[in-house]
Amino acid sequence: MTINTYDAFNRITPLEIERVTNFLYTHLEKYGDEKTAIRKALNYAAKERTGLGGYVFTIEDKNEIVGAVVINKTGMDEYIPENILVYIATHSDYRGKGIGRKIMTHAIENCKGDIALHVEKDNPARFLYEKLGFTTPYLEMRLKR
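Definitions and limits used
Residues numbered from 1 in each chain as written. Predicted model: local features only at pLDDT ≥ 70, side-chain atom pairs only at ≥ 80, totals over all residues. Heavy atoms only, no water. Helix = DSSP H or I, 4+ residues; strand = E, 2+ residues; numbered from the N terminus. Rg over C-alpha atoms; globule rule 2.2 N^0.38 Å. Buried < 20%, exposed > 50% of the residue type's maximum accessible area, 1.4 Å probe, protein only. Areas by Shrake-Rupley, 256 points an atom, 1.4 Å probe, with all protein chains shown as cover. Lys, Arg positive; Asp, Glu negative; His and termini not counted. Charge placed at Lys NZ, Arg CZ, Asp CG, Glu CD. Axes fitted to C-alpha atoms, helices over the stretch in contact; angles between N-to-C directions. Parallel < 35°, antiparallel > 145°, perpendicular 65-115°, else oblique. Left-handed = near helix turned anticlockwise from the far one by under 90°. Contact = heavy atoms within 4.5 Å. Nonpolar A, V, L, I, M, F, W, Y, C, P; charged D, E, K, R; others polar. Polar contact = N/O pair within 3.5 Å; in protein donor to acceptor, adjacent residues only side chain to side chain. UniProt positions renumbered as here; feature names shortened; annotations may be inferred.

### Overview of the overall build of the protein chain
The secondary structure content of the protein chain amounts to 4 helices and 5 strands. Listing each helix as α and each strand as β along the protein chain from the N terminus yields β-α-α-β-β-β-α-β-α. Against the compact-globule benchmark of 15 Å for 145 residues, the protein chain has a radius of gyration of 14 Å, which places it among compact chains. Overall size of the protein chain, expressed as C-alpha extent along the three principal axes, is 40 × 35 × 30 Å. Expressed as a percentage of its 145 residues, the buried residues of the protein chain come to 41%. Accessible area for the protein chain stands at about 9,200 Å²; split by element, carbon and sulfur atoms hold 51% of it. Computed over 21 positive and 20 negative side-chain charges, the inter-centroid distance for the protein chain is 2 Å.

As structure tokens, then:
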């Protein structure tokens, strides 16, 4: 298996953005967003949208994406984490085989600064995040308009 890292130095191509968008849309299942939202996060990470950029990590088996992570930089270090994990997904046929742990470990090792994430309390991936050292020091509240 091969892990790919895309950032400001190793740019992701528009074709690869589309490939990762389709993968995430399919494999995030009930925890996912529309393709337009996924593409926005990927374009932000790739610096195709105004912002600080971020990281995209994929893990492939025989040229097929089996895992992907998208992290956007916040630029707000010292008062909130410098990075936010926006998406992580493992191919449905590869779940339970350590792919999520492998790609998250790689992402943690390759991101500078703290990482925040939002996870629904019923999402089984929550247990992986806890094993990797993520904690829940705050309760998030939102005003939706």
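After presenting the structure, the write-up continues.
### Focus: the packing of helix α1 (residues 14-27) against helix α2 (residues 35-45)
Where α1 meets α2, the axes come as close as 9 Å, and the angle between the chain directions of the two elements is 135°. Classed by the angle they form, the pair α1 and α2 counts as oblique. With respect to the hand of their crossing, α1 and α2 are arranged in right-handed fashion. Residues Ile17, Glu18, Val20, Thr21, Asn22, Leu24 and Tyr25 of α1 lie in contact with α2, whose contacting residues are Lys35, Ile38, Arg39, Leu42 and Asn43. Class assignment of the residues belonging to the contact of α1 with α2 gives a composition of 6 nonpolar, 3 polar and 3 charged.

### Let's talk about the side chain of Asn72
Summarising the element assignment, Asn72 is placed in strand β3 (residues 64-73). You can call Asn72 buried: its relative accessible area is 10%. Of the polar contacts made by the side chain of Asn72, one reaches the backbone oxygen of Ala41; its length is 3.2 Å. Excluding residues within four positions of it along the chain, Asn72 makes contact with Ala41, Tyr44, Ala45, Gly53, Gly54, Glu82, Asn83, Ile84 and Val86.

### Describing the UniProt feature "domain: N-acetyltransferase" (unreviewed entry) in the protein chain
Within this numbering scheme, the UniProt entry marks residues 10-145 as carrying the feature "domain: N-acetyltransferase" (unreviewed entry). Secondary structure over residues 10-145 splits into 32% helix and 21% strand, and the C-alpha atoms at its two ends are 37 Å apart.

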